[in-house]
Amino acid sequence: MPELPEVETVLQAIKPHLLGKRFTAIAIHIRKLRTPLVLAGHPELLHSTIVHLERRAKYIVLKLANGSGLLIHLGMTGTWRLEPADSHRQKHDHVEFFLSSGLVLRYHDPRRFGQIVVLTQQENPLLHPLLRHLGPEPLHDDFNRKWLADRCRGKKKPIKTLLMDNITVVGVGNIYASESLFRAGINPLLAAGKVTGKRIARLVRAIKDVLQEAIDAGGTTVKDYASLDGKEGYFNRQLMVYGKTGQKCRQCKRGIIRQTYQSGRSTFYCPVCQR
Ligand SMILES: [Zn+2]
(Lines give C-alpha, C1' and ligand atoms only; values in the text may rest on other atoms or scores of the structure.)
Protein backbone atom coordinates (compact mmCIF):
# COMPACT_ATOMS: atom_id res chain seq x y z
CA MET A 1 0.00 0.00 0.00
CA PRO A 2 1.39 3.45 -0.84
CA GLU A 3 2.32 5.30 2.35
CA LEU A 4 3.04 9.00 2.77
CA PRO A 5 6.55 8.95 1.23
CA GLU A 6 5.26 7.08 -1.83
CA VAL A 7 2.40 9.55 -2.32
CA GLU A 8 4.81 12.46 -1.94
CA THR A 9 7.15 10.83 -4.47
CA VAL A 10 4.31 10.31 -6.96
CA LEU A 11 3.20 13.91 -6.49
CA GLN A 12 6.70 15.28 -7.09
CA ALA A 13 7.03 13.09 -10.18
CA ILE A 14 3.73 14.13 -11.83
CA LYS A 15 3.72 17.78 -10.74
CA PRO A 16 5.98 19.22 -13.47
CA HIS A 17 3.89 17.42 -16.13
CA LEU A 18 0.57 18.76 -14.83
CA LEU A 19 1.07 22.34 -13.62
CA GLY A 20 0.15 24.86 -16.31
CA LYS A 21 -1.56 22.15 -18.42
CA ARG A 22 -5.30 21.53 -18.95
CA PHE A 23 -7.43 18.39 -19.12
CA THR A 24 -8.80 18.18 -22.67
CA ALA A 25 -10.85 15.02 -22.06
CA ILE A 26 -11.50 12.55 -19.26
CA ALA A 27 -12.31 8.94 -20.16
CA ILE A 28 -13.94 6.80 -17.48
CA HIS A 29 -13.99 3.03 -17.87
CA ILE A 30 -15.52 2.04 -14.54
CA ARG A 31 -18.56 3.16 -12.52
CA LYS A 32 -17.09 3.16 -9.07
CA LEU A 33 -13.83 2.92 -7.18
CA ARG A 34 -14.22 3.00 -3.40
CA THR A 35 -17.03 5.52 -3.98
CA PRO A 36 -19.03 6.14 -7.19
CA LEU A 37 -17.10 8.05 -9.85
CA VAL A 38 -18.99 11.18 -10.84
CA LEU A 39 -16.37 12.76 -13.09
CA ALA A 40 -18.61 12.60 -16.16
CA GLY A 41 -21.09 15.25 -15.02
CA HIS A 42 -18.41 17.87 -14.45
CA PRO A 43 -17.51 19.82 -17.61
CA GLU A 44 -15.78 22.43 -15.40
CA LEU A 45 -12.89 19.97 -15.03
CA LEU A 46 -12.03 20.42 -18.71
CA HIS A 47 -10.07 23.26 -20.33
CA SER A 48 -9.11 25.04 -17.10
CA THR A 49 -5.42 25.33 -16.21
CA ILE A 50 -4.04 23.16 -13.40
CA VAL A 51 -2.68 25.74 -10.97
CA HIS A 52 -1.98 23.86 -7.74
CA LEU A 53 -1.01 20.39 -6.53
CA GLU A 54 -0.33 19.40 -2.95
CA ARG A 55 -0.38 16.41 -0.65
CA ARG A 56 -2.50 16.29 2.52
CA ALA A 57 -2.04 13.02 4.45
CA LYS A 58 -2.20 10.43 1.67
CA TYR A 59 -4.51 12.51 -0.54
CA ILE A 60 -3.40 14.50 -3.57
CA VAL A 61 -5.26 17.81 -3.95
CA LEU A 62 -5.43 19.22 -7.49
CA LYS A 63 -6.84 22.70 -8.10
CA LEU A 64 -7.83 24.31 -11.41
CA ALA A 65 -7.78 28.00 -12.30
CA ASN A 66 -11.62 28.09 -12.24
CA GLY A 67 -11.62 26.96 -8.60
CA SER A 68 -12.79 23.38 -9.07
CA GLY A 69 -10.48 20.43 -8.67
CA LEU A 70 -9.91 16.84 -7.64
CA LEU A 71 -9.13 14.96 -4.45
CA ILE A 72 -7.33 11.70 -5.16
CA HIS A 73 -6.46 8.76 -2.90
CA LEU A 74 -4.50 5.80 -4.28
CA GLY A 75 -6.15 3.26 -1.95
CA MET A 76 -4.33 -0.07 -1.67
CA THR A 77 -3.08 -0.55 -5.21
CA GLY A 78 -3.61 2.72 -7.09
CA THR A 79 -0.83 3.96 -9.36
CA TRP A 80 -0.46 6.63 -12.04
CA ARG A 81 1.22 6.38 -15.42
CA LEU A 82 2.02 9.32 -17.67
CA GLU A 83 2.20 8.26 -21.29
CA PRO A 84 1.77 9.59 -24.82
CA ALA A 85 -1.97 9.88 -25.55
CA ASP A 86 -1.78 7.46 -28.48
CA SER A 87 -0.33 4.61 -26.37
CA HIS A 88 -2.59 1.70 -25.43
CA ARG A 89 -4.66 1.57 -22.29
CA GLN A 90 -3.90 -1.43 -20.05
CA LYS A 91 -6.15 -3.67 -17.99
CA HIS A 92 -7.19 -1.91 -14.72
CA ASP A 93 -6.54 1.56 -16.18
CA HIS A 94 -9.88 2.89 -14.91
CA VAL A 95 -9.63 6.60 -15.63
CA GLU A 96 -7.68 8.53 -18.28
CA PHE A 97 -6.99 12.25 -18.02
CA PHE A 98 -5.90 13.58 -21.41
CA LEU A 99 -3.64 16.60 -21.10
CA SER A 100 -3.13 19.61 -23.34
CA SER A 101 0.55 18.59 -23.57
CA GLY A 102 -0.34 15.46 -25.59
CA LEU A 103 0.26 13.12 -22.65
CA VAL A 104 -2.35 11.07 -20.82
CA LEU A 105 -2.38 10.45 -17.08
CA ARG A 106 -3.78 6.96 -16.48
CA TYR A 107 -5.13 5.82 -13.13
CA HIS A 108 -4.48 2.10 -12.62
CA ASP A 109 -6.01 0.26 -9.64
CA PRO A 110 -6.56 -3.53 -9.69
CA ARG A 111 -8.25 -3.65 -6.28
CA ARG A 112 -10.29 -0.46 -6.80
CA PHE A 113 -9.92 0.94 -3.27
CA GLY A 114 -8.80 4.32 -4.56
CA GLN A 115 -10.91 7.46 -4.60
CA ILE A 116 -11.27 10.33 -7.07
CA VAL A 117 -13.59 13.06 -5.80
CA VAL A 118 -14.57 16.31 -7.56
CA LEU A 119 -14.05 19.51 -5.57
CA THR A 120 -16.58 22.26 -6.11
CA GLN A 121 -15.55 25.81 -6.92
CA GLN A 122 -16.42 27.24 -3.50
CA GLU A 123 -14.70 24.55 -1.50
CA ASN A 124 -11.48 24.99 0.44
CA PRO A 125 -10.07 21.50 -0.28
CA LEU A 126 -8.44 21.26 3.15
CA LEU A 127 -11.90 21.60 4.75
CA HIS A 128 -13.43 18.81 2.64
CA PRO A 129 -15.18 16.16 4.82
CA LEU A 130 -12.47 13.64 3.89
CA LEU A 131 -9.70 15.95 5.15
CA ARG A 132 -10.96 18.28 7.83
CA HIS A 133 -10.78 15.83 10.78
CA LEU A 134 -7.15 14.92 10.07
CA GLY A 135 -4.35 15.59 12.54
CA PRO A 136 -1.09 17.43 11.80
CA GLU A 137 1.31 16.61 8.96
CA PRO A 138 4.31 14.74 10.43
CA LEU A 139 6.87 16.99 8.71
CA HIS A 140 5.21 20.24 9.78
CA ASP A 141 6.06 22.14 12.97
CA ASP A 142 2.61 21.62 14.48
CA PHE A 143 3.53 17.96 14.92
CA ASN A 144 5.88 18.45 17.86
CA ARG A 145 6.80 17.25 21.33
CA LYS A 146 4.00 19.14 23.08
CA TRP A 147 1.33 17.91 20.67
CA LEU A 148 2.39 14.26 20.98
CA ALA A 149 2.75 14.51 24.78
CA ASP A 150 -0.83 15.84 24.99
CA ARG A 151 -2.09 13.02 22.77
CA CYS A 152 -0.29 10.32 24.82
CA ARG A 153 -1.17 11.56 28.29
CA GLY A 154 -3.22 9.03 30.27
CA LYS A 155 -3.81 6.75 27.26
CA LYS A 156 -3.84 3.00 27.81
CA LYS A 157 -3.78 2.06 24.13
CA PRO A 158 -0.39 0.94 22.75
CA ILE A 159 1.86 3.71 21.44
CA LYS A 160 1.99 2.17 17.96
CA THR A 161 -1.80 2.09 17.68
CA LEU A 162 -1.92 5.75 18.77
CA LEU A 163 0.66 6.75 16.12
CA MET A 164 -1.36 5.07 13.38
CA ASP A 165 -4.46 7.06 14.36
CA ASN A 166 -4.96 9.91 11.86
CA ILE A 167 -5.87 12.33 14.62
CA THR A 168 -2.47 11.97 16.32
CA VAL A 169 -0.54 12.46 13.08
CA VAL A 170 -1.31 11.65 9.45
CA GLY A 171 0.58 9.33 7.16
CA VAL A 172 2.42 7.20 9.70
CA GLY A 173 1.42 3.81 8.36
CA ASN A 174 2.50 0.37 9.46
CA ILE A 175 6.04 0.36 8.03
CA TYR A 176 6.96 3.82 9.30
CA ALA A 177 5.34 3.37 12.74
CA SER A 178 7.42 0.21 13.30
CA GLU A 179 10.65 1.81 12.04
CA SER A 180 10.16 5.08 13.99
CA LEU A 181 9.52 3.24 17.26
CA PHE A 182 12.65 1.15 16.68
CA ARG A 183 14.73 4.26 16.08
CA ALA A 184 13.33 5.90 19.22
CA GLY A 185 13.98 2.73 21.29
CA ILE A 186 10.33 2.43 22.32
CA ASN A 187 8.47 -0.88 22.56
CA PRO A 188 5.39 -0.67 20.27
CA LEU A 189 3.27 -2.55 22.84
CA LEU A 190 3.90 0.04 25.59
CA ALA A 191 0.86 2.03 26.75
CA ALA A 192 1.01 5.49 25.12
CA GLY A 193 0.58 7.12 28.55
CA LYS A 194 3.88 5.56 29.67
CA VAL A 195 5.84 7.37 26.94
CA THR A 196 6.92 10.68 28.44
CA GLY A 197 9.59 13.39 28.54
CA LYS A 198 12.70 12.86 26.43
CA ARG A 199 11.25 9.70 24.90
CA ILE A 200 8.42 11.76 23.35
CA ALA A 201 10.94 14.17 21.85
CA ARG A 202 12.98 11.24 20.53
CA LEU A 203 9.89 9.69 18.94
CA VAL A 204 8.85 12.93 17.22
CA ARG A 205 12.39 13.29 15.83
CA ALA A 206 12.45 9.63 14.71
CA ILE A 207 9.11 9.93 12.84
CA LYS A 208 10.22 13.07 11.00
CA ASP A 209 13.64 11.61 10.13
CA VAL A 210 12.35 8.21 8.99
CA LEU A 211 9.70 9.77 6.72
CA GLN A 212 12.06 12.39 5.30
CA GLU A 213 14.70 9.76 4.55
CA ALA A 214 12.08 7.64 2.79
CA ILE A 215 10.95 10.62 0.71
CA ASP A 216 14.57 11.42 -0.16
CA ALA A 217 15.01 7.77 -1.16
CA GLY A 218 11.95 7.95 -3.39
CA GLY A 219 9.51 5.94 -1.28
CA THR A 220 9.78 2.32 -0.16
CA THR A 221 7.67 0.71 -2.85
CA VAL A 222 8.26 3.28 -5.53
CA LYS A 223 9.15 0.65 -8.13
CA ASP A 224 5.38 0.39 -8.62
CA TYR A 225 5.36 3.98 -9.85
CA ALA A 226 8.71 3.88 -11.62
CA SER A 227 7.11 4.61 -14.98
CA LEU A 228 6.66 8.20 -13.82
CA ASP A 229 10.30 9.16 -13.69
CA GLY A 230 12.32 5.95 -13.72
CA LYS A 231 13.70 6.51 -10.23
CA GLU A 232 13.74 3.48 -7.92
CA GLY A 233 13.39 3.65 -4.16
CA TYR A 234 16.05 2.11 -1.96
CA PHE A 235 14.54 2.66 1.48
CA ASN A 236 13.64 -1.05 1.55
CA ARG A 237 17.29 -1.84 2.19
CA GLN A 238 17.37 0.52 5.17
CA LEU A 239 14.46 -1.11 7.03
CA MET A 240 15.67 -2.30 10.45
CA VAL A 241 12.68 -4.25 11.83
CA TYR A 242 9.79 -4.21 9.36
CA GLY A 243 9.53 -7.66 7.73
CA LYS A 244 12.66 -8.90 9.55
CA THR A 245 11.00 -11.47 11.83
CA GLY A 246 13.51 -14.01 13.22
CA GLN A 247 16.57 -12.08 12.03
CA LYS A 248 19.25 -10.80 14.38
CA CYS A 249 18.89 -7.07 15.11
CA ARG A 250 21.40 -5.09 13.06
CA GLN A 251 21.77 -2.49 15.80
CA CYS A 252 22.40 -4.46 19.02
CA LYS A 253 23.48 -7.71 17.29
CA ARG A 254 21.79 -9.64 20.14
CA GLY A 255 18.02 -9.30 19.88
CA ILE A 256 15.96 -11.42 17.49
CA ILE A 257 13.30 -9.35 15.72
CA ARG A 258 9.82 -10.30 16.89
CA GLN A 259 6.52 -10.06 15.08
CA THR A 260 3.22 -9.54 16.82
CA TYR A 261 -0.25 -8.23 15.86
CA GLN A 262 -1.88 -5.00 16.98
CA SER A 263 -5.31 -3.93 15.76
CA GLY A 264 -5.03 -6.55 13.04
CA ARG A 265 -1.70 -5.24 11.70
CA SER A 266 1.77 -6.79 11.94
CA THR A 267 4.18 -5.10 14.32
CA PHE A 268 7.93 -5.75 14.28
CA TYR A 269 10.36 -4.88 17.07
CA CYS A 270 13.65 -5.73 18.77
CA PRO A 271 13.02 -6.83 22.39
CA VAL A 272 16.54 -5.67 23.37
CA CYS A 273 16.61 -2.20 21.78
CA GLN A 274 12.97 -1.32 22.42
CA ARG A 275 11.75 -0.92 25.98
ZN1 LIG B 1 18.27 -4.59 18.86
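Let me begin by describing the structure that accompanies this report. What you are looking at is a predicted structure, and each value in this text was computed from that prediction instead of being measured.

This next bit is on the packing of helix 4 (residues 174–184) against helix 5 (residues 197–216). Relative to each other, helix 4 and helix 5 sit at 130 degrees, their axes nearing to 8 Å. Accordingly, the angle class assigned to the pair helix 4 and helix 5 is oblique. Taken as a pair, helix 4 and helix 5 cross one another with a handedness that is right-handed. Where helix 4 approaches helix 5, its residues Tyr176, Glu179, Ser180, Leu181, Arg183 and Ala184 are matched on the opposing element by Arg202, Leu203, Ala206, Ile207, Asp209, Val210, Leu211, Glu213 and Ala214. Tallied by class, the residues present in the contact of helix 4 with helix 5 amount to nine nonpolar, one polar and five charged.

It is a probe the size of a water molecule, rolled over the atoms, that shows where empty space is left. Following the criterion strictly, the structure yields one cavity of 30 Å³ or more and no others. Volume-wise, the largest cavity comes out at about 60 Å³. Counting residues per element, the ones that place at least two in the lining of the largest cavity are helix 1 (4–18), strand 3 (59–64) and strand 4 (69–73). Its residues placed into classes, the lining of the largest cavity shows 11 nonpolar, no polar and no charged.

Taken as a whole, the largest pocket encloses approximately 530 Å³ of empty space. Lining the largest pocket we find 23 residues, and of these Met1, Lys58, His73, Gly173 and Arg265 sit closest to its centre. Across the lining of the largest pocket, the residue classes break down as 12 nonpolar, seven polar and four charged. Each of two domains, domain 1 (4–127) and domain 2 (145–269), supplies a minimum of three residues to the lining of the largest pocket.

Below, the discussion takes up a nonpolar patch on the surface. A contiguous nonpolar patch, built from Met1, Met76 and Phe113 and spanning about 260 Å² of accessible area, is present on the exposed surface. Its location among the elements puts Met1 in the segment before helix 1.

Cut-off values and rules
- Residues numbered from 1 in each chain as written.
- Predicted model: local features only at pLDDT ≥ 70, side-chain atom pairs only at ≥ 80, totals over all residues.
- Heavy atoms only, no water.
- Axes fitted to C-alpha atoms, helices over the stretch in contact; angles between N-to-C directions.
- Helix = DSSP H or I, 4+ residues; strand = E, 2+ residues; numbered from the N terminus.
- Parallel < 35°, antiparallel > 145°, perpendicular 65-115°, else oblique.
- Left-handed = near helix turned anticlockwise from the far one by under 90°.
- Contact = heavy atoms within 4.5 Å.
- Nonpolar A, V, L, I, M, F, W, Y, C, P; charged D, E, K, R; others polar.
- 1 Å grid on protein atoms, 1.4 Å probe; cavity = no way out; pocket = protein on both sides within 12 Å on 5 of 7 lines; lining within 4 Å.
- Points joined across faces, edges and corners; volume = space filled by probe spheres on them.
- Domains from an automatic or database assignment.
- Patch = residues over 30% accessible without salt bridge, like charges linked within 9 Å, V, L, I, M, F, W, Y side chains within 5 Å.
- Areas by Shrake-Rupley, 256 points an atom, 1.4 Å probe, with all protein chains shown as cover.
- Salt bridge = Lys/Arg side-chain N within 4 Å of Asp/Glu carboxyl O.

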